[in-house]
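Chains, contacts and geometry: an overview
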Amino acid sequence: MLTFREATLADVPVLVPLIESAYRGDSSRTGWTTEADLLEGRRTDPDGVAEVITSPKSALLMAWRDDDLVACCHVAEEDGAGYFGMFAVVPGMQGGGIGRDTLAEAERFARFEWGLGEMRMKVINAREDLIAWYVRRGYTRTGELTPFPYGDERFGVPLRDDLAFELLVKPLG
C-alpha cells in the first residue's frame, strides 16, 4: 500500500538521492529503467528539485510505503495539459507495481486536482523498453521528436550522438 503527498522544500535532501539512484551510476543498474548506458553526470541537483517544488502549477509527488520513500514524479500543467517527468522508483523495488501506481496517481492528480484532460511526457527515444511500458499503460507514441540538448550538462553528458526526446500522450478522460 502506497501513500502519496506533495513534496516540500524540506524533502529536497531525500529526493535528490532517490532521483539520482534511479537514473545514473551503478546503483541505477539494479533496476530496469537506468540511463547509465546513455548518459553520465547528474540527473538533477537540489536547485532543480527545489524549482520543481516551488513553480506554479507544478508538484513533485512522493510515494511512501510505511516510512520509506519509494518513488516520486513531477506533474505540471503545460499548455493546458498535464506533463509527467522526473519519475523515479528505488532501483531495487522496480518491477513490483510501485511505478504503475505512482503513474496512476500522477494521472489522477492532473485530472482531478487541476482538471486536465491529457497527460504528456517526453522520453529519450533510445529507451524502447521504457516507451513500451508507457504504451502498455495507454500512452501513444506521437513520433514527434525534440532534439536532445547536447552541451547542456543539466540533462547529463550523452554517451551517444543519436538521442532525442519523443512525445507520448494519453487522454485522461
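Residues numbered from 1 in each chain as written. Predicted model: local features only at pLDDT ≥ 70, side-chain atom pairs only at ≥ 80, totals over all residues. Heavy atoms only, no water.

This part takes up the nonpolar core. Counting residues in each nonpolar core, the largest one holds 47 residues, and the members touching the most others are Leu 15, Val 49, Val 75, Phe 84 and Tyr 134. At the level of elements, helix H1 (12-23), helix H3 (46-54), strand E3 (58-65), strand E4 (68-78), strand E5 (81-89), helix H4 (98-113), strand E6 (118-124) and helix H5 (128-136) are the ones that each hand at least two residues to this core. Not counting residues within four places of it along the chain, the set of residues in contact with Val 49 comprises Val 12, Leu 15, Val 16, Ile 19, Thr 44, Leu 60 and Met 86. Counting six residues, the second-largest nonpolar core is a separate cluster that includes Leu 39, Ile 124, Leu 163 and Phe 165. (Core = buried A, V, L, I, M, F, W, Y, C linked by side-chain atoms within 4.5 Å. Buried < 20%, exposed > 50% of the residue type's maximum accessible area, 1.4 Å probe, protein only. Helix = DSSP H or I, 4+ residues; strand = E, 2+ residues; numbered from the N terminus. Contact = heavy atoms within 4.5 Å.)

It is worth spelling out the packing of H1 against H3 at this point. Taken N-terminus to C-terminus, the directions of H1 and H3 make an angle of 115°; their axes are 9 Å apart at the nearest point. Our classification of the angle between H1 and H3 gives roughly perpendicular. Of the two possible hands of crossing, H1 and H3 adopt the one that is right-handed. Here Val 12, Leu 15, Val 16 and Ile 19 of H1 lie close against H3, whose contacting residues are Pro 46, Val 49, Ala 50 and Ile 53. (Axes fitted to C-alpha atoms, helices over the stretch in contact; angles between N-to-C directions. Parallel < 35°, antiparallel > 145°, perpendicular 65-115°, else oblique. Left-handed = near helix turned anticlockwise from the far one by under 90°.)

Quick look at the packing of aromatic side chains now. Throughout the structure, instances matching the rule amount to eight aromatic pairs. Look at Phe 84 and Phe 87: their rings are 4.9 Å apart centre to centre, the planes differ by 65°, and that puts the pair in the edge-to-face class. Comparing Phe 84 with Phe 87 shows no difference in burial state: the two are buried. With centroids separated by 6.1 Å and ring planes inclined at 35°, the aromatic side chains of Phe 87 and Trp 133 adopt a geometry described as tilted. Of this pair, Phe 87 sits in strand E5 while Trp 133 sits in helix H5, and the two are 46 residues apart along the sequence. Just above the ring of Tyr 23 sits the side chain of Arg 43; from NZ or CZ to the centre is 4.6 Å. (Phe/Tyr/Trp six-rings, centres within 6.5 Å; stacked < 30°, edge-to-face > 60°. Lys NZ or Arg CZ within 6 Å of the ring centre and 35° of its normal.)

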